[in-house]
Amino acid sequence: MARFLPFDPSHDQIYEEYQVARDSLNLDTAAFDYVLNAAKAGAHVIVLTGDAGHGKTHLCRRIIESFLGYNEEEARKLINEACDGRQVIKDKSGTDAAGALRIFKDFSEFSPQIAADLVEDSNTDDAVTIICANEGRLRAVLSGKEAGQYCAELLRSFDASFEDGKASRDGRVHIVNLNHQSTAAGSDGQSLGDLALRDWTSGTRWRSCNDCDARHACPINRNREMLSERVDGEVAVTRKAKLRLLFATLERIGYVITIRDMLMAFAYLLTGGLKCEDVHRMRRRHRRGWQQAYAFYNLAFESPDTISKEQLKRLPLMQQLPKLDPGRRALREIDERIVNQQEIFTGGQLDLQFPAPSTSDEDLIDASQGIDEIIGDPRNKKQRAEEAENVTRVVRALRRRAYVDGIGSTTLDMVHLGFPYGADFLRVVYDQMDVPARAILKKRVIAGLHHIQGLQFSEQTPTLHLVDPAFGRSMSGTAILAARIKPANVDLLRLSEKWGNSDEVPYHVKKSVDWIDRHIVLRIVDQKSEKHDLQLDLMTFDCILRAAAGHVPTRFYEHDIRRVAIFLGRIAQAAHSSSDQINLIRDGRSQTISIDGSTIQVGAGA
């Protein structure tokens, strides 16, 4: 697994071109199935777009194997030698009736002008063309000066995929956007992350550990045991589910996790950057209790002393996970159990043993029994600081362990990660809300939208009031309204639902990749029956519901607040109509002002 770590000298397994067949990891992704079926169905061109590390080259190699009949080594050789778009790769059998591929492995190898010419030339034969490029490079090639009609057609199909959520419109041109691919999609242990962990925590690669004298003191082996269903059974299933939720939450706040990011992260979480010789050396030289820093649930949020900041920077995912650290969030229901109650965790576990403080008579502390052993009788400032540091370290580790082990109610999972309204978000994206619950949630969302506009009501109202954009955000207790939206015209949808039912819509994007709904769509239908949609990621959704509760940190959520306010302003402007009647909110109550000749009449609002 060290070969998947970017700071290891032998990190060749990160890149498809340098992998070897005996140790490569072949994950069956939805994208692979989609591309293979499209090629067999007679697709003319398949565009694979996405950030570096999503597995575009890996997909091409797998397609060469499955579509043309080559073995893995032969396919990898073709990837390195015959995938510049200038050559057509024929079926291994050599028969004319068999298929053929033309693969552009990487557009960055050419200037946009040369790449555009090659794309135009590829339209002249019957081979299935596969184009691999990130979004920016793809647009630069297809919209450049040298681009012809064929490039323009591909660009239109690419743009349309964002609007209608279809990977193809006619079965001839396919757009597979791997930025939609999720490493956390799937349940019952079938996500890409689950499959990778299952492969890495089982099999022959651990056989040499059976005869190792350091096995019971090895943090690498301990991590493997904690995540292996063969060793820890149902608890391991729960731990992997919590890791899956962790990754999904990152994706739902806007971070794109590539397969390469995921594999590097798992290699790090299992090993902590250690090798067998490192474990033997540290076992001889260190005090007992050093292994807890290398427990996978601690590595996810806090690096050990043996990993430098420069090394950690080469693991992109490790820069993001600490934002969700459950060890930094105090939940009374959890803290009372892990700190004060006994036997929550089994005693003697390697990952819960800490070096004892200098004031203790013991040399090792078992944190499974709480923090009583840490609290001693400090005599000076240095000892008090040491005790406080030890308590903080142990409590954070226990909170993290409580999260991955599922201690406490599942409704607290998202609260653990810093999102008090995250459970509501998940209930929407998993379609687990009945009609009354959805109505209550919509009412709360409307209250949050009112707060963002600066509106204050004496009592909660289900009607959405939109402030006239000409008067900006209400700050003085009085606001002029541009429109009122009935509750029935406000809705919350899953992003995939916006594009229709995936079982009914042909070539639905949800079927082209391993998909999770990263966004909720806030849909508002104005008085002219026009639909206005705003995509809410988990962060923006949390911002709106925090606002509904009465307070939102405006500086932290400044970007989200501005985006929501602009969206509401556009609807208000579109709904604005000329009238002699002015609707306003004053001191929390709705009023109308109408002008009848020289008389101004003030009445209660509708």
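Analysis parameters
Residues numbered from 1 in each chain as written. Predicted model: local features only at pLDDT ≥ 70, side-chain atom pairs only at ≥ 80, totals over all residues. Heavy atoms only, no water. Helix = DSSP H or I, 4+ residues; strand = E, 2+ residues; numbered from the N terminus. Buried < 20%, exposed > 50% of the residue type's maximum accessible area, 1.4 Å probe, protein only. Contact = heavy atoms within 4.5 Å. Areas by Shrake-Rupley, 256 points an atom, 1.4 Å probe, with all protein chains shown as cover. Lys, Arg positive; Asp, Glu negative; His and termini not counted. Charge placed at Lys NZ, Arg CZ, Asp CG, Glu CD. Polar contact = N/O pair within 3.5 Å; in protein donor to acceptor, adjacent residues only side chain to side chain. Axes fitted to C-alpha atoms, helices over the stretch in contact; angles between N-to-C directions. Parallel < 35°, antiparallel > 145°, perpendicular 65-115°, else oblique. Left-handed = near helix turned anticlockwise from the far one by under 90°. Nonpolar A, V, L, I, M, F, W, Y, C, P; charged D, E, K, R; others polar. Pairing = 2+ DSSP bridges. Core = buried A, V, L, I, M, F, W, Y, C linked by side-chain atoms within 4.5 Å. Arc of directions from axis to C-beta. Salt bridge = Lys/Arg side-chain N within 4 Å of Asp/Glu carboxyl O. 1 Å grid on protein atoms, 1.4 Å probe; cavity = no way out; pocket = protein on both sides within 12 Å on 5 of 7 lines; lining within 4 Å. Points joined across faces, edges and corners; volume = space filled by probe spheres on them. Phe/Tyr/Trp six-rings, centres within 6.5 Å; stacked < 30°, edge-to-face > 60°.

Q: I'd like to hear about the overall build of the protein, residue by residue, with values.
A: Scanning the protein from terminus to terminus reveals 22 helices and 15 strands. Along the first, second and third principal axes, the C-alpha set of the protein runs to 95 × 85 × 40 Å. The 606 residues of the protein split such that 52% are buried. The long-range fraction of contacts in the protein, counting pairs at least 24 apart against all pairs at least 6 apart in sequence, stands at 65%. Total accessible area computed for the protein in this model is approximately 28,300 Å², and 46% of it derives from carbon and sulfur atoms. Measuring between centres, the 80 positive side-chain charges of the protein sit 3 Å from its 85 negative side-chain charges.

Q: Which residues make up the side chain of D84, and what are the values?
A: One can find D84 in the loop between α3 (72-81) and β2 (89-90). Within polar-contact distance, the side chain of D84 engages the backbone nitrogen of R86 at 3.0 Å. In this structure, D84 is in contact with I103, F104, F110 and L118, ignoring residues within four places of it in sequence.

Q: Before we move on, can you summarise the packing of helix α7 (residues 192-200) against helix α10 (residues 259-271) with the specific residues and values?
A: Between α7 and α10, the least distance of the axes is 11 Å, while the angle of their chain directions is 40°. One element, α7, and the other, α10, form an angle in the oblique class. Crossing hand, α7 versus α10: right-handed. In this structure, α7 contributes L192, G193, A196, L197 and W200 to the contact, and α10 contributes I259, M262, L263, F266, A267 and L270. Its residues placed into classes, the contact of α7 with α10 shows 10 nonpolar, 1 polar and no charged.

Q: Provide a residue-level description of unusual backbone geometry, including the pertinent values.
A: Notably, D431 is not glycine yet its phi reads approximately 55°, a positive angle. Overall, D431 belongs to the partly exposed group, its relative accessible area being 46%. The phi angle at Y507 is positive, at roughly 60°, despite the residue not being glycine. Classification of Y507 as partly exposed rests on a relative accessible area of 34%.

Q: So what's going on with the environment of L243? Residues and values would help.
A: Among the secondary structure elements, L243 is positioned in helix α9 (residues 229-252). With 59 residues separating them along the chain, L243 and A184 place their C-alpha atoms 8.7 Å apart. Setting aside its immediate chain neighbours within four residues, L243 contacts L197, L227 and F296.

Q: Please provide a residue-by-residue account of the sheet that holds strand β5 (residues 173-177), values included.
A: Reading across the sheet, the 5 strands line up as β2-β3-β4-β1-β5 and stay open at both edges, with mixed pairing between neighbours. In this open sheet, the two strands that pair with only one neighbour each are β2 and β5.

Q: With reference to specific residues and values, describe the nonpolar core.
A: Ranked by internal contacts, the top residues of the largest apolar core, which has 118 residues, are L246, F247, M262, Y268, L317, M318 and L522. When residues in this core are grouped by element, the largest group, 10 residues, is from α10. Core analysis: the second largest hydrophobic core is formed by 38 residues, A38, A43, L59 and A75 among them.

Q: Residues and numbers for α3, please.
A: Taken as a whole, α3 has its buried residues at E72, A75, R76, L78 and I79. The buried residues of α3 occupy an angular sector of 160° when projected down its axis, which confines them to one face.

Q: Can you tell me about the pairing of strand β4 (residues 128-133), naming the residues and giving the values?
A: The buried fraction of β4 amounts to 6 of the 6 residues, a majority that puts the element mostly inside the structure. Side chains V128, I130 and C132 project from β4 onto one buried face, and the interleaved T129, I131 and A133 project onto a second face that is buried too. Relative to β4, strand β1 (residues 45-49) runs parallel, the two being bridged by 5 bridges. Residue V45 lies in a different strand from β4, and its bridge partner there is T129. Here strand β3 (residues 100-104) pairs with β4 via 4 bridges, running parallel.

Q: Quick one: what's the story with the environment of I480, residue by residue and with numbers?
A: Within the secondary structure layout, I480 lies in strand β9 (residues 478-485). On the accessibility criterion, I480 (24% relative accessible area) is partly exposed. Residues I480 and L584, 104 residues apart in the sequence, show an inter-C-alpha distance of 4.3 Å.

Q: Now, about the pattern of salt bridges: what can you tell me, with residues and values included?
A: Scanning the entire structure with this criterion turns up 33 salt bridges. In this structure, D405 and R401 form a salt bridge, with 2.7 Å as the shortest nitrogen-oxygen distance. Pair noted here: D405 and R401 are both in helix α16 (residues 381-405), with a separation of 4 residues, about one helical turn. Of the charged contacts in the structure, one is a salt bridge between R562 and E558, with a shortest N-O distance of 3.1 Å. Note that R562 and E558 are positioned in helix α22 (residues 558-575) at a spacing of 4 residues, about one turn of the helix. You can call R562 partly exposed: its relative accessible area is 43%. Classification of E558 as partly exposed rests on a relative accessible area of 43%. Counted as one network, the salt bridges with shared partners bring together R222, R239, D351, R401 and D405.

Q: An account of the layout of surface pockets is needed here, citing residue identities and associated values.
A: By volume, the largest pocket amounts to about 850 Å³. Considering the residues around the largest pocket, the lining is formed by 37 residues, among which A241, R244, L245, L426 and Y430 are closest to the centre. Mapped by element, the contributors of at least two residues to the lining of the largest pocket are α7, α9, α17 (413-416) and α18 (422-429). With 10 residues, the top contributor of residues to the lining of the largest pocket is α9.

Q: Can you break down the packing of aromatic side chains residue by residue, with the values?
A: Under the defined criterion, the tally for this structure stands at 9 aromatic pairs. Between F104 and F107, the aromatic rings sit 5.6 Å apart at their centres with planes inclined by 70°, giving edge-to-face as the arrangement. Judged by its relative accessible area of 0%, F107 falls in the buried class. With centroids separated by 5.6 Å and ring planes inclined at 80°, the aromatic side chains of F296 and Y297 adopt a geometry described as edge-to-face. Side by side, F296 and Y297 carry an identical accessibility label, which is buried.

Q: Lay out the pairing of strand β8 (residues 464-467) with the relevant residues and their values.
A: Side chains L464 and L466 of β8 all project onto a buried face; the interleaved residues H465 and V467 project onto the opposite face, where all are buried too. When β8 meets β9, the two strands line up antiparallel, connected through 4 bridges. Along β9, the bridge assignment pairs L466 with A483.

Q: Account for the sheet that holds strand β10 (residues 490-494), with residues named and values stated.
A: Read from one edge of the open sheet, 3 strands run β10-β11-β12, paired in antiparallel fashion. The outermost strands of the open sheet, each flanked by one partner alone, are β10 and β12 (531-536). Direction aside, the axes of adjacent strands within the sheet are offset by 25° on average. In the sheet, strand β11 (residues 520-525) pairs with β12 via 6 bridges, with the strands oriented antiparallel. Pairing of I524 across the sheet is with H532, part of β12. Contacts from α18 reach β10, β11 and β12, with the element oriented near 75° to β11. Sheet contacts for helix α19 (residues 435-453): β10 and β11; angle to β10, the most-contacted strand, approximately 110°.

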